[in-house]
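Now for the letters of each chain:
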2 protein chains.
Amino acid sequence: MAEDNKSSLDALSALCKRRGFIYHSSEIYGGMPGFWDYGPLGCELKANVKQAWWQFTVRGREDVAGLDATIIMHPKIWKASGHLDTFADPMTMCKQCKKLMRADQIGDIREELGKKAAGINPAYALSCPYCGGEMTEPKPFNLMFKTVVGPIDDPSNVAYLRPETAQAIFAQFQNVTATSRMSVPYGIAQMGKSFRNEVTPRNYTFRSREFEQMELEFFIPPDEAVELLCGHVCTLADNPDLTGAPQPDWGWEVWHRYWVEQRLAFYRAIGLPEESLHLYWQKGDELAHYARACVDIEYAFPFGVQELEGIAARSDFDLTQHQIHSGKALDVFDEALKNAVKAKTPEELDAFTAKTIAAWAARGKSEEDARAFLAKLYDGKYIPHVIEPSAGADRMALALLCNAYDEETLTDDKGKTDTRTVLRFHPAIAPIKAAVLPLVKNRPELVAKAREVFAALQRRWNTFWDESGAIGRRYRRMDEAGTPYCVTVDFQTLEDGTVTLRDRDSMQQVRISVPDLLAKLDAEIG
Amino acid sequence: MAEDNKSSLDALSALCKRRGFIYHSSEIYGGMPGFWDYGPLGCELKANVKQAWWQFTVRGREDVAGLDATIIMHPKIWKASGHLDTFADPMTMCKQCKKLMRADQIGDIREELGKKAAGINPAYALSCPYCGGEMTEPKPFNLMFKTVVGPIDDPSNVAYLRPETAQAIFAQFQNVTATSRMSVPYGIAQMGKSFRNEVTPRNYTFRSREFEQMELEFFIPPDEAVELLCGHVCTLADNPDLTGAPQPDWGWEVWHRYWVEQRLAFYRAIGLPEESLHLYWQKGDELAHYARACVDIEYAFPFGVQELEGIAARSDFDLTQHQIHSGKALDVFDEALKNAVKAKTPEELDAFTAKTIAAWAARGKSEEDARAFLAKLYDGKYIPHVIEPSAGADRMALALLCNAYDEETLTDDKGKTDTRTVLRFHPAIAPIKAAVLPLVKNRPELVAKAREVFAALQRRWNTFWDESGAIGRRYRRMDEAGTPYCVTVDFQTLEDGTVTLRDRDSMQQVRISVPDLLAKLDAEIG
């Protein structure tokens, strides 16, 4: 990490502590590595991020339903998902100094120690970066936190804290489909805590052991169903319009790109402009075996360019796994598909069968599997495929804090300079939307008028009342909290009802009537 | 449980499943006792309950700050709070049939089994209610879920899932006080998941192993500080006005009652009228040793009258415990208090000292403790006392569902009867606020107009679009979901811009302009 990046992270984390955004968990007991608490401003920021995501993803759409499932679920879910067998880091221990570390991070640790730990034999890639000692054979360490449910401490009662929210969506797919009156293509979204027993939590709140996810599983028909229904499958080569309503002929590739565009639109809406983000398209050999494509949306944190969100095309892997492990059918039935198949001639169907078998073979799948899939498909049934935009609320909050943080040098009329610390949050996610400031606190009629304005704002938005100190100092305190609007009630207010609206970013002040103020906040915050 | 109550709970839980309010967790894997998932409508209901609580408790006040702390915290927190040593149920096992049960529930189990398990010897209070076998000596079973943090499975790394959200507030009291610019009296509020490894989870979602709490710790000065500052302590005998702003001379008793009234006001605001609630004042011997008073707000669930929320006056017990166990000072300093002490004559202070020692003695506290307390107090320092309104989000959602559920018999003009199932939610917590229904779906100009209305509503409220089926059936579907308003766009809308607003409860329909509709929803929902 470059020195200036490190110092900018230090300045930000100092502000976060000082202004009550983020504290170490259990700080008075010495803290807990990888656990962070959100203070009065931080919990509002994070709540706003989550609410914005929910509004954008669920309430603002007609094709996504919400879910709020438990953190502790049936352990078979993690067998089906693969987490029980493969969600592990390779752990190794130095036989000499007994330090534990991840085998895949030994190089990084050595590099970080570099200057300090001269004299260590660099010839042995797997020697201890601290003392040069011999390391044990790496063993997989599962990152799921374990617990026991019920009074009997027995292996049969072991359960896990979910390492991701996504699996609950697959496990409840059947219930939600049956009770929401939605049909594929549609999505199920969930926000909530997840837990990963990271060996080395790091980078402030970025890699924590307890964190919050915002995940959408958007279920789509397999391309073969689309082709039978529409006669063709729209791909990116067809240059589809991704800004309008989704179309029935879209194949997975278009749906995947659509969700990438949607997510970028979301980031724009909360104040992370496209220039601040980087799209990383995973290469073929980086993809999970079942994934068709995966894009990481990355942000340039002070500690490096890191993933904010992944958007994966996961095929029908997840529901298929849960169908196998639960023994419950997780396919859907589409009457229109069945009718479309009926309308085909036997020759047309034979051609379709042959084409599909060939396409599956090209992806390394057996003819037997293709035929089993087609038999169901011709009956109107299929297991939906999934596009998964999976974001982290803590990472997003941290990116928003990094993006918002600014130290601005101001020069006054006399040439005296001063540094203003300001968090330039988008109004939609700012913890406090507006502060109401009576110019003086010893004039009851002025304070009463300010109270009226405060009550009108507080009804809809998180509003702060501050009557103590010089007005300039009050503005600066709100700048540090990232409050976009300061509303000052002064003597002119008593005469003509207008207030002074001070903009955080430009520091410009304008006079505005209270109804206009309410309309402005409604337009800019929602 | 009376038969009709049981059948009303059965009808409610069937509706909850059918309409996507509540599902068994991990249902396709056979479920997990004590774990419940919220479906598309349920998660909106619960989110609305939480948002209403947060607005009422935090954003709508100037004397409460929010916190969002981790579920896994330092294990010493649970030593300090007493949970590690005493948060346990007495477990016993039948030596014959090996069934495990809570020793304190054997009587209940026997009663429930009553009719079925005739022939069991009722003479032995501790014999197995299932087989009459001999029970083992009851042993305490701690209800906290255990886990291990970090890669080394060692007792020193054992941690717990929080059994309540309150303790994080005490652990972060110092940080929040230092960074929020608030001073006592003020409160810290938190919502979030808690976990209790209940031996026998029961009563639908009421007693779950994973549940969500909404807790406020409101910190007040000890009465002795109030007396020094104000010259007297206001008690309930003074008949204070509890509906206005809190006053500096309030003693703990008034603060406690104030919060009981506030909580009742909250329940009114979300549609649980005072008649539906019962206040249970805990008797002296039911109170925890440190508690001064505790009121349970109870609701008549179909399975019995049960606690929704407890409001406890917890003295300075919690912060004192954390001060002892962390070694960090958790007292606050009040300049005005120090000055008030300075302004007293030595005789006045001596009299105050004598009076305080006598009062403490009457509560069984030593002179030494009283003097240590006074020495700090005369220096302007004290450990705040706490009033704790502690509510459960799942219980509240369940009470709201029970309260809202209604089966209404309708008789039409021809005398034909019909049963209407309706959830009479208060608009503030209804999952869907309004449905927009184009009268017909095959008239583009009518659908386009309905889309306009839909967009205007959806921007601020969770709004449902439904264009399929007869209008009467669409109304009924919304009745079952508890949607207070149905907005029908018909041919007259195209002429004069008015829509039909149909009220869920009265089923009355009125014509209203779209701006009036928006104003009405703003007034009734917020």
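Remember, predicted model here, so these are calculated numbers, not experimental data.

Conventions we followed
Residues numbered from 1 in each chain as written. Chains lettered and ligands numbered in written order. Predicted model: local features only at pLDDT ≥ 70, side-chain atom pairs only at ≥ 80, totals over all residues. Heavy atoms only, no water. Helix = DSSP H or I, 4+ residues; strand = E, 2+ residues; numbered from the N terminus. Buried < 20%, exposed > 50% of the residue type's maximum accessible area, 1.4 Å probe, protein only. Contact = heavy atoms within 4.5 Å. Areas by Shrake-Rupley, 256 points an atom, 1.4 Å probe, with all protein chains shown as cover. Lys, Arg positive; Asp, Glu negative; His and termini not counted. Charge placed at Lys NZ, Arg CZ, Asp CG, Glu CD. Least-squares fit on C-alpha atoms with pLDDT ≥ 70 in both. Salt bridge = Lys/Arg side-chain N within 4 Å of Asp/Glu carboxyl O. Patch = residues over 30% accessible without salt bridge, like charges linked within 9 Å, V, L, I, M, F, W, Y side chains within 5 Å. Polar contact = N/O pair within 3.5 Å; in protein donor to acceptor, adjacent residues only side chain to side chain. Pairing = 2+ DSSP bridges. Axes fitted to C-alpha atoms, helices over the stretch in contact; angles between N-to-C directions. Left-handed = near helix turned anticlockwise from the far one by under 90°. Nonpolar A, V, L, I, M, F, W, Y, C, P; charged D, E, K, R; others polar. Phe/Tyr/Trp six-rings, centres within 6.5 Å; stacked < 30°, edge-to-face > 60°. Lys NZ or Arg CZ within 6 Å of the ring centre and 35° of its normal. Arc of directions from axis to C-beta.

## What about the overall build of chain A?
Link 1 in the chain: Of the regular secondary structure elements, chain A holds 18 helices and 23 strands.
Link 2 in the chain: Dimensions of chain A, computed from C-alpha atoms along their principal axes, come out at roughly 85 × 70 × 50 Å.
Link 3 in the chain: Burial status across chain A gives 54% buried among its 526 residues.
Link 4 in the chain: Nonlocal contacts in chain A, meaning residues at least 24 apart in sequence, comprise 65% of its contacts between residues at least 6 apart.
Link 5 in the chain: Accessible surface, chain A as shown: approximately 22,200 Å² in total, 51% of it carbon and sulfur.
Link 6 in the chain: With 62 positive and 75 negative side-chain charges, chain A shows a separation of 6 Å between the mean positions of the two kinds.

## Some thoughts on the relation of the copies chain B and chain A
Link 1 in the chain: Superposing chain B onto chain A requires a rotation of 180° together with a translation of 0.0 Å along the rotation axis, leaving an RMSD of 0.1 Å. On this basis, the relationship between the two copies can be described by a two-fold rotation axis. Distance from the rotation axis, computed per C-alpha, reaches its smallest value in chain B at Thr147 of chain B: 2.6 Å.
Link 2 in the chain: Looking at chain B, 100% of its interface residues are interface residues in chain A too, so the copies touch through the same face.

## Brief notes about the side chain of Asp68 of chain A
Link 1 in the chain: Residue position: Asp68 of chain A is located in the loop between β3 (64–67) and α3 (76–81).
Link 2 in the chain: Nearest to the buried, unbridged Asp68 of chain A among oppositely charged side chains is Lys46 of chain B, at 4.1 Å.
Link 3 in the chain: Setting aside its immediate chain neighbours within four residues, Asp68 of chain A contacts Gln190 of chain A together with Asp37, Tyr38, Cys43, Lys46 and Lys193 of chain B.

## Some remarks on a nonpolar patch on the surface
Residue and element names in this part refer to chain A.
Link 1 in the chain: Among the surface-exposed residues, Leu439, Phe491 and Leu494 lie close enough to one another that they form a single nonpolar patch of about 210 Å² accessible area.
Link 2 in the chain: Secondary-structure assignment places Phe491 in helix α17 (residues 491–496).
Link 3 in the chain: Owing to a relative accessible area of 33%, Phe491 belongs among the partly exposed residues under this scheme.

## Points about the interface of chain B and chain A
Put simply, an interface is often sized by how much accessible area is lost when its parts join up.
Link 1 in the chain: With 91 residues of chain B at the contact, the number on the chain A side is 92 residues.
Link 2 in the chain: There are eight salt bridges connecting chain B and chain A.
Link 3 in the chain: Arg459 of chain A is the partner of Asp522 of chain B in a salt bridge, and the nearest nitrogen-oxygen pair spans 3.4 Å.
Link 4 in the chain: Counting across the chain B and chain A interface gives 46 residue pairs in polar contact (both at pLDDT 80 or more).
Link 5 in the chain: With ten residues, helix α2 (residues 40–59) of chain B is the single largest residue contributor to the side of chain B that touches chain A.

## Considering the environment of Met478 of chain B
All names here are of chain B.
Link 1 in the chain: With respect to the element layout, Met478 can be found in helix α16 (residues 471–481).
Link 2 in the chain: Relative accessible area serves as the criterion here: at 1%, Met478 is assigned to the buried category.
Link 3 in the chain: Measuring from C-alpha to C-alpha, the distance between Met478 and Ile432 comes to 8.5 Å, with 46 residues separating the pair along the chain.
Link 4 in the chain: When near neighbours in sequence (up to four residues on either side) are disregarded, Met478 contacts Ile432, Ala435, Phe464, Thr483 and Cys486.

## A look at the sheet that holds strand β9 (residues 186–195) of chain A
Residue and element names in this part refer to chain A.
Link 1 in the chain: The strand order β3-β9-β10-β16-β13-β12-β11 describes an open sheet built from seven strands, whose pairing is mixed. Of all the strands in the sheet, just β3 and β11 (277–281) have a single pairing partner and so form its edges. On average, each strand axis in the sheet is inclined to that of its neighbour by 25°, with strand direction left out of account.
Link 2 in the chain: Here five bridges tie strand β13 (residues 304–313) to strand β16 (residues 385–392), and the two strands are oriented antiparallel to one another. Looking at the pairing, Glu309 lines up with Ala391 of β16.
Link 3 in the chain: Contacting β10 (210–220), β11, β12 (293–301), β13 and β16, helix α9 (residues 252–269) runs over the sheet at an angle of about 140° to β13.

## Description of the packing of helix α8 (residues 223–230) of chain B against helix α11 (residues 335–342) of chain B
All names here are of chain B.
Link 1 in the chain: Where α8 contacts α11, the axes come no closer than 8 Å and their chain directions differ by 65°. Crossing handedness for the pair α8 and α11: left-handed. For the pair formed by α8 and α11, the contact residues are Ala225, Leu228 and Leu229 on the first element and Ala336, Leu337, Ala340 and Val341 on the second.
Link 2 in the chain: Along the lines of polarity and charge, the residues of the contact of α8 with α11 split into seven nonpolar, no polar and no charged.

## What about the sheet that holds strand β6 (residues 100–102) of chain B?
All names here are of chain B.
Link 1 in the chain: Read from one edge to the other, the open sheet built from three strands follows the order β6-β5-β7, with strand pairing classed as antiparallel. The open sheet terminates on both sides in strands that have one partner only, identified here as β6 and β7 (139–142). Between one strand axis and the next, the sheet turns by 45° as a mean value, whatever way the strands run.
Link 2 in the chain: With three bridges connecting them, strand β5 (residues 88–93) and β6 associate as antiparallel partners. By the bridge assignment, Thr92 is partnered in β6 with Met101.

## Considerations on the packing of aromatic side chains
Link 1 in the chain: For the structure shown, the criterion picks out 48 aromatic pairs over all chains.
Link 2 in the chain: A ring pair is formed by Trp250 of chain B and Trp255 of chain B, whose centres lie 5.1 Å apart and whose planes are at 75°; its orientation type is edge-to-face.
Link 3 in the chain: Just above the ring of Tyr130 of chain A sits the side chain of Lys99 of chain A; from NZ or CZ to the centre is 4.6 Å.
Link 4 in the chain: The cationic tip of Arg451 of chain A hangs over the ring face of Trp465 of chain A; the distance from NZ or CZ to the ring centre is 3.8 Å.

## Some details on unusual backbone geometry
Residue and element names in this part refer to chain A.
Link 1 in the chain: Cis geometry marks the peptide bond from Val184 to Pro185, where omega comes out at 5°.
Link 2 in the chain: Locating Pro185 in the fold gives a position in the loop between α7 (173–179) and β9.
Link 3 in the chain: At Asn239, a residue that is not glycine, the phi angle is positive and equals roughly 55°.
Link 4 in the chain: Following the sequence through the fold, Asn239 ends up in the loop between α8 (223–230) and α9.
Link 5 in the chain: Exposure remark for Asn239: the relative accessible area of 67% places this residue in the exposed category.
Link 6 in the chain: Unlike most non-glycine residues, Met507 shows phi in positive territory, near 60°.
Link 7 in the chain: Mapped onto the elements, Met507 comes out in the loop between β22 (498–503) and β23 (509–513).

## Quick notes on the environment of Ala288 of chain B
Link 1 in the chain: Along the chain, the position of Ala288 of chain B falls in the loop between β12 (277–281) and β13 (293–301).
Link 2 in the chain: On a C-alpha basis, the gap between Ala288 of chain B and Ala370 of chain B in space is 21 Å, while along the polypeptide they are 82 residues apart.

## Let's talk about the side chain of Ser26 of chain A
Link 1 in the chain: Structurally, Ser26 of chain A can be placed in the loop between β1 (22–24) and β2 (36–38).
Link 2 in the chain: With a relative accessible area of 1%, Ser26 of chain A lands in the buried category.
Link 3 in the chain: Only 3.1 Å separates the side chain of Ser26 of chain A from the side chain of Ser25 of chain A, close enough to count as a polar contact.
Link 4 in the chain: Polar contacts involving the side chain of Ser26 of chain A include one to the main-chain amide nitrogen of His74 of chain B, which spans 2.9 Å.

## Regarding the pattern of salt bridges
Residues and elements named next belong to chain B.
Link 1 in the chain: Evaluated as defined, the whole model comprises 76 salt bridges over all chains.
Link 2 in the chain: For the salt bridge of Arg207 with Glu198, the shortest nitrogen-to-oxygen distance reads 3.8 Å.
Link 3 in the chain: According to the relative accessible area criterion, Arg207 is partly exposed, its value standing at 27%.
Link 4 in the chain: Note that Glu388 is salt-bridged to Arg314, the shortest N-O span being 3.9 Å. Of this pair, Glu388 sits in strand β17 (residues 385–392) while Arg314 sits in the loop between β14 (304–313) and α10 (317–326), and the two are 74 residues apart along the sequence.
Link 5 in the chain: Residue Glu388 is classed as buried on the basis of its relative accessible area of 8%.

## Some words on helix α5 (residues 106–113) of chain A
Given 3.6 residues to a turn, an α-helix orients residues that are three or four positions apart in the same direction.
Residues and elements named next belong to chain A.
Link 1 in the chain: Where α5 is concerned, the buried positions are Ile106, Ile109 and Leu113. In an axial view of α5, the angular spread of the buried residues amounts to 65°, which keeps them on one side of the axis. Residues of α5 that are exposed and point more than 90 degrees away from the buried face comprise Glu111 and Glu112.
Link 2 in the chain: Among the structural elements, β4 (88–93) and β5 (100–102) are those in contact with the buried residues of α5.

## Structural notes on the pairing of strand β21 (residues 485–489) of chain A
Residues and elements named next belong to chain A.
Link 1 in the chain: The buried fraction of β21 amounts to five of the five residues, a majority that puts the element mostly inside the structure.
Link 2 in the chain: Burial along β21 is two-sided: Tyr485, Val487 and Val489 facing one way and Cys486 and Thr488 facing the other are all buried.
Link 3 in the chain: Of the pairings in the sheet, the one linking strand β19 (residues 434–438) to β21 comprises five bridges and is parallel in character. Residue pairing across strands places Ala434 opposite Tyr485, the latter belonging to β21.

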